[in-house]
Each structure stands twice: as structure tokens, then as C-alpha cells.
Amino acid sequence: MAIIFLALVLIVGSYVFYLWATYIDQSVTEGTFYGYTIGQSKLEAFETVKNQYQNKEITGIHVSEPFQTIIPEEQKWILLEANDYWKVFPTKEQSFFDSINITFENDKIIEVQRRR
């Protein structure tokens, strides 16, 4: 029984250590980060998103609801254009815990943040 308890503690402890060791929380307010440049317009950022998606560098984007494959391209732009906060998923699973967050003000990027 003690060995099972110790094994569980070791497994949980290892997982917590893994999460801590691989945690990323970086943000920039000047320069370029993950292909997005501070001061870049929404249209330019949309082109970056499209290129990254086509090159499979990202798997999705989220504003108020995730993009579905059935949404026509022009509607995607309308959804993005109306929002000042985009969440781009660089992983295959579109995990809530792994995203690049892009914040706009006056239709220009003011901050790019990576969280994992």
C-alpha cells in the first residue's frame, strides 16, 4: 500500500514539475514575436494568420467562438475585424493552455503574448 501511495505521489509530483518546467508566459509590446509585429494592422495580421494556418504552424483561431471549416473565408475576416483580441492556437489540439494572444488598439497590434 505504501509503495502505491509513493508511486502516485511521484507521478503527480513529476507532472507538476513538468508543467512548471515547460510553462511559458512571454509578452512583447515592441518588435516582432511569433511572426506578428507590434503596430501591424489587423489586415496584415490576418494575412499572417492565414499563412501560418496554411503552413500548419497554427491550427485555429478564436475570438468569440472558434472558427469552423464551414465558415467562408470572407466571414472569417469579418469576425476577426470586429474583435480586438485574438487567440491563435499553435498546437494540433487547440488547447486552451497553449495559445498566442494578440491584442489590438485602433486596428493595430499593441501586444503579442504566448502562454503555455
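For clarity, every value in this text was computed on a predicted model and none was experimentally measured. (Residues numbered from 1 in each chain as written. Predicted model: local features only at pLDDT ≥ 70, side-chain atom pairs only at ≥ 80, totals over all residues. Heavy atoms only, no water.)

Chemist: So what's going on with the packing of aromatic side chains? Residues and values would help.
Modeler: Scanning the entire structure with this criterion turns up two aromatic pairs. On the numbers, 4.7 Å between centres and 80° between planes, the contact of Phe33 with Tyr34 is edge-to-face. For Phe33, a relative accessible area of 13% gives the class buried. A centroid spacing of 4.6 Å and a plane angle of 55° characterise the contact between Trp86 and Phe104, whose relative ring orientation is tilted. Placement of the pair is Trp86 in strand β5 (residues 85-89) and Phe104 in strand β6 (residues 99-105), with a sequence separation of 18 residues. Above the face of the Phe104 ring, Lys42 is positioned so that its terminal group lies 5.5 Å from the ring centre. (Phe/Tyr/Trp six-rings, centres within 6.5 Å; stacked < 30°, edge-to-face > 60°. Buried < 20%, exposed > 50% of the residue type's maximum accessible area, 1.4 Å probe, protein only. Helix = DSSP H or I, 4+ residues; strand = E, 2+ residues; numbered from the N terminus. Lys NZ or Arg CZ within 6 Å of the ring centre and 35° of its normal.)

Chemist: Which residues make up unusual backbone geometry, and what are the values?
Modeler: Look at Asn106: it is not a glycine, yet its phi comes out positive at around 55°. For Asn106, the location among the structural elements is in the loop between β6 and β7 (108-115). A positive phi angle is found at Asp107, which is not glycine, with a value near 65°. Relative to the helices and strands, Asp107 is located in the loop between β6 and β7. Residue classification places Asp107 among the partly exposed positions, given a relative accessible area of 45%.

Chemist: How would you summarise the layout of surface pockets if you had to cite specific residues and measurements?
Modeler: If you add up the space inside the largest pocket, you get close to 350 Å³. Forming the walls of the largest pocket are 13 residues, and the residues nearest its centre are Leu19, Tyr23, Phe97, Arg115 and Arg116. Those elements that provide at least two residues to the lining of the largest pocket are α1 (2-21), β5 and β6. Looking at the lining of the largest pocket element by element, the count peaks at three residues for α1. In the lining of the largest pocket, the residues fall into seven nonpolar, three polar and three charged. (1 Å grid on protein atoms, 1.4 Å probe; cavity = no way out; pocket = protein on both sides within 12 Å on 5 of 7 lines; lining within 4 Å. Points joined across faces, edges and corners; volume = space filled by probe spheres on them. Nonpolar A, V, L, I, M, F, W, Y, C, P; charged D, E, K, R; others polar.)

The analysis is restricted to geometry; functional conclusions fall outside its scope.
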